[in-house]
Amino acid sequence: MSVVSNIVLSSRVRRSPYFAATQRYGCKAYSVYNHMYLPLYYESPEADYWHLVNGVTLWDVAVERQVEIAGPDAARLVQFLSPRDLSSCAVGQCKYVMMTDARGGIVNDPVLLKLAEDRFWLSLADSDVLLWAKGIALAGGYDVEVFEPDVSPLQLQGPLAATVGEALFGAALNDLKYFRFAEFDLDGMPLIVSRTGWSGERGYEIYLQNAADGDRLWEVIMEAGRPHGIAPATPSAIRRIEGGLLSYGADMTLENNPYEMNLGRLVDLEQEADFIGKAALARIERDGVRRRLVGLSVEGGREAMAGIERAEVSYDGQAIGRVTSAVYSPGLEQTIALALVAAEHSDEGTALTVRAEGQAGESVRDASVSPLPFVSKKTV
């Protein structure tokens, strides 16, 4: 992650309902994600990581914009947008889904929330799915409304998230199963809370449905968490790479398909329903992929991070791919990375090299293909 020392706030980039709170609590850097400011770190990326893995953290992730699809044809449109079979998805359930184009390329990888038989949210990664879904609905003549609702998520993540969550919402929160959600009222603020998150740790997403309550909700959660050492933090690149969690725009784009990402389990070709890219994905499954996303353990400790972002990956001197994301893991005391490489060199244990470009010139680091995740997820 490269950080620029200054940021100029623009009126064309939206601020979340928690933006003032993030500044008040000392956020030091922001990125732009879904046309909004996304906090990057507070104390430091490593300090925020230790708060996450050892305690409990609160994240402003309002950049996870929601696309609401509602109406008589909502279920049919949602299914057409995704290759995952959603016929058994129940009200109150979340599903991690792929959205693909006609070539099988990944448009987005949202979490789907089924609020009613005819009402869904797509909780988005960083791409303009609202416009995509509107276009598909119009072209297909679907009887639906497609819009961005007034919904702004926070994430409560870490091994003590359940303790703080119970202090906020009561013992009923403990009954919430993984990838399920329920409605709660907190001090007059109607919320949807799901057992989901992007940390590999125990956690919840808290969906605020009134932006005017943003600052108040932040402070209510922080107050409940103070006895447990809660800290403001952000989606941790370190922890998500340790957990093998993929980032749209970094590890996968429209140029990739689910099979390259080892996510073929999210493609149900045998289902009766049609979906965008079905024929193309059937061909890809039959023919196999030419490249595959892998984990890399990189030699050289912390110093190996210099110039490694998007670095070339080679096998026996021949370029076979590129790094897509990389971090130094203080927990593993090692530089780790995700990389998209030629499928024939993707087996666990394969010896590779990473050719980095930095201010001191070119450097070559030894690396090996590692199983994913690097660290087991702790979501239960």
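In case you missed it, the structure is sitting above this.
These numbers come from a predicted model, not from an experiment.

Trainee: Help me understand the pattern of salt bridges, please; the structure alone is not making it clear to me.
Mentor: When their charged atoms lie close together, side chains carrying opposite charge are able to pair. Per the counting criterion, the structure on display carries 18 salt bridges. Ionic pairing is found between K114 and E117, a salt bridge with its closest N-O pair at 3.0 Å. Judged by relative accessible area, which is 7%, K114 ranks as buried. Ionic contacts of the salt-bridge type, sharing partners, join the residues R24, D215, E219, E223 and R226 into one network.

Trainee: Would you mind going over helix α8 (residues 278–287) with me for this structure?
Mentor: Each α-helix turn comprises 3.6 residues. Residues three or four places apart therefore point the same way. Listed in full, the buried residues belonging to α8 are K278, A280, L281 and I284. Taken around the axis of α8, the buried residues stretch over an arc of 160 degrees, which confines them to a single face. In this structure, α8 carries A279, R286 and D287 as exposed residues pointing more than 90 degrees from its buried face. Lining the buried residues of α8 we find β6 (99–100).

Trainee: Is there a simple way to think about the pairing of strand β8 (residues 111–116) in this case?
Mentor: Consecutive residues of a regular strand have side chains that alternate between opposite faces of the sheet. With five of six residues buried, β8 is to be regarded as a mostly interior element. Relative to β8, strand β5 (residues 94–96) runs antiparallel, the two sharing three bridges. Bridging from a neighbouring strand, Y96 pairs with V111 of β8. Pairing of β8 with strand β9 (residues 119–123) involves five bridges; the strand directions are antiparallel. Each bridged residue has a counterpart across the sheet, and for A116 the counterpart in β9 is R119.

Trainee: When you look at the side chain of S236 in this model, what are you seeing that I'm missing?
Mentor: Inspection of the secondary structure puts S236 in the loop between β15 (231–233) and α7 (237–242). With relative accessibility at 8%, the residue S236 sits in the buried group. In contact with S236, other than residues within four places in its own chain, are Y49, L52 and W59.

Trainee: What is the right way to read the nonpolar core from this model?
Mentor: For soluble globular proteins, nonpolar side chains are generally found buried alongside one another. Ranked by internal contacts, the top residues of the largest apolar core, which has 38 residues, are F169, L217 and I221. With six residues, helix α6 (residues 214–225) is the single largest residue contributor to this core. Every residue in contact with F169, bar those within four places of it in the chain, is listed here: F184, L186, L191, V193 and I206. Counting residues in hydrophobic clusters, the runner-up holds 31 residues, among them V53, V111, I238 and I336.

Trainee: Can you help me understand the packing of helix α3 (residues 74–81) against helix α4 (residues 129–140) in this one?
Mentor: The packing of two helices is summarised by the inter-axis angle and the distance between the axes. Orientation of α3 relative to α4, taken along the N-to-C sense of each, is 115 degrees, at an axis distance of 11 Å. Handedness of the α3/α4 crossing: right-handed. Of the residues in α4, those in contact with L77, F80 and L81 of α3 are W132, A133, I136 and A137. Classifying every residue of the contact of α3 with α4 by side-chain character gives seven nonpolar, no polar and no charged.

Trainee: Sorry, what's going on with the packing of aromatic side chains here?
Mentor: Here a ring pair, both rings aromatic, is described through the centre-centre distance and the interplanar angle of the planes. Applying the stated rule across the entire model yields 10 aromatic pairs. Arranged with centres 5.1 Å apart and planes meeting at 35 degrees, the rings of F19 and Y30 form a pair that is tilted. You can see F19 sitting in helix α1 (residues 19–24) and its partner Y30 sitting in strand β1 (residues 29–33), a full 11 residues away along the chain. Grouping residues by exposure puts F19 and Y30 together as buried.

Trainee: Looking at this model, I keep getting lost on the pairing of strand β16 (residues 291–298). Mind explaining?
Mentor: Within β16, six of the eight residues are buried, which leaves it mostly tucked inside the rest of the structure. Inspection of the sheet shows β16 paired to strand β19 (residues 334–342) by eight bridges, in the antiparallel sense. Directly across from V298, in β19, lies its bridge partner T335.

Trainee: Please explain unusual backbone geometry as it appears in this structure.
Mentor: A negative phi holds for most residues other than glycine; trans holds for most peptide bonds. Of note, the amide linkage connecting L372 to P373 takes the cis form, showing an omega dihedral of 0 degrees. The topology assignment puts P373 in the segment after β21 (361–370). Positive phi, normally seen in glycine, also occurs at N34, with a value near 50 degrees. Following the sequence through the fold, N34 ends up in the loop between β1 and β2 (36–41). Residue N34 is classed as buried on the basis of its relative accessible area, which comes to 5%. In this structure, F179 takes a positive phi of about 60 degrees despite not being glycine. In this fold, F179 is placed in the loop between α5 (161–169) and β12 (181–186).

Each value, and the rule that gives it
- Residues numbered from 1 in each chain as written.
- Predicted model: local features only at pLDDT ≥ 70, side-chain atom pairs only at ≥ 80, totals over all residues.
- Heavy atoms only, no water.
- Salt bridge = Lys/Arg side-chain N within 4 Å of Asp/Glu carboxyl O.
- Buried < 20%, exposed > 50% of the residue type's maximum accessible area, 1.4 Å probe, protein only.
- Helix = DSSP H or I, 4+ residues; strand = E, 2+ residues; numbered from the N terminus.
- Arc of directions from axis to C-beta.
- Contact = heavy atoms within 4.5 Å.
- Pairing = 2+ DSSP bridges.
- Core = buried A, V, L, I, M, F, W, Y, C linked by side-chain atoms within 4.5 Å.
- Axes fitted to C-alpha atoms, helices over the stretch in contact; angles between N-to-C directions.
- Left-handed = near helix turned anticlockwise from the far one by under 90°.
- Nonpolar A, V, L, I, M, F, W, Y, C, P; charged D, E, K, R; others polar.
- Phe/Tyr/Trp six-rings, centres within 6.5 Å; stacked < 30°, edge-to-face > 60°.

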